[in-house]
Every structure is written in structure tokens, then in C-alpha cells.
Amino acid sequence: MLLIENEDGQDFFCQTCPYTYKIKQRHTTRKELQRKEVDDVLGGADAWKNVDSTEITCPKCEHERAFFMQIQIRSADEPMSIFYKCCNDACQHQWREG
């Protein structure tokens, strides 16, 4: 990778060899990164089909019931994480404990 000379900003130079390149004109480019589609780590809507619900308050809409499931996401000596999904069809907020 070539770096720009700090003194006058008119040369590219290589840190590992004596190569230099004189900058003759200003050059700029911009590249938009294409982001990958985010996968649902809990398995999507199918993962929530046969789960139980419990009385817990949703932090977003304050509905009093939520579906829950326990998943071991860390090493075996760590406690399981509990994932919740609000039972309110308009909200469906997801959060976790642990």
C-alpha cells in the first residue's frame, strides 16, 4: 500500500522499498459497500412457532406477555440465555436476558 508523503503531499511512497510516485493531479474515488442481508440468529419466524409464553413486561410496548426460549450461546459452564418476543402482534419486539 502506498502512503502519501507528509511534507508536501505530492508523492506516494512505499514503506518497504524505495519506490516513489509523483502525484500529477488530484484523484478521488468513492465506492459504496454492499451490505449483506442480516440473518435472524434465532431461526426466523419458524423458531417461534412452538414456544411457550410467560408473564413479563415488554420494554417497548409494555404488553404483559411474551414468548420465550432458552438457548445456550456461550460455553457450557455459562448459564443459558433467555430470548423473549412480545406477544403483541403490533409490536413483536425481541430482547434477551443473560
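Reading the values: the criteria
Residues numbered from 1 in each chain as written. Predicted model: local features only at pLDDT ≥ 70, side-chain atom pairs only at ≥ 80, totals over all residues. Heavy atoms only, no water. UniProt positions renumbered as here; feature names shortened; annotations may be inferred. Helix = DSSP H or I, 4+ residues; strand = E, 2+ residues; numbered from the N terminus. Buried < 20%, exposed > 50% of the residue type's maximum accessible area, 1.4 Å probe, protein only.

As recorded by an unreviewed UniProt entry, the protein chain carries the name DNA-directed RNA polymerase III subunit RPC10 and is attributed to Lichtheimia corymbifera JMRC:FSU:9682. Quoted verbatim from the Subcellular location (unreviewed entry) field of the UniProt record, the comment on the protein chain reads "Nucleus". Per UniProt, the comment on the protein chain under Sequence similarities (unreviewed entry) is "Belongs to the archaeal RpoM/eukaryotic RPA12/RPB9/RPC11 RNA polymerase family."

Glancing now at unusual backbone geometry. With a phi angle near 65 degrees, Glu62 is a residue other than glycine that sits in the positive phi range. Along the polypeptide, Glu62 turns up in the loop between β4 (52-55) and β5 (65-71). We classify Glu62 as exposed; its relative accessible area is 61%. A positive phi angle, close to 55 degrees, is found at Gln92, a residue other than glycine. By the secondary structure assignment, Gln92 is in the loop between β6 (81-86) and β7 (94-97). With a relative accessible area of 38%, Gln92 lands in the partly exposed category.

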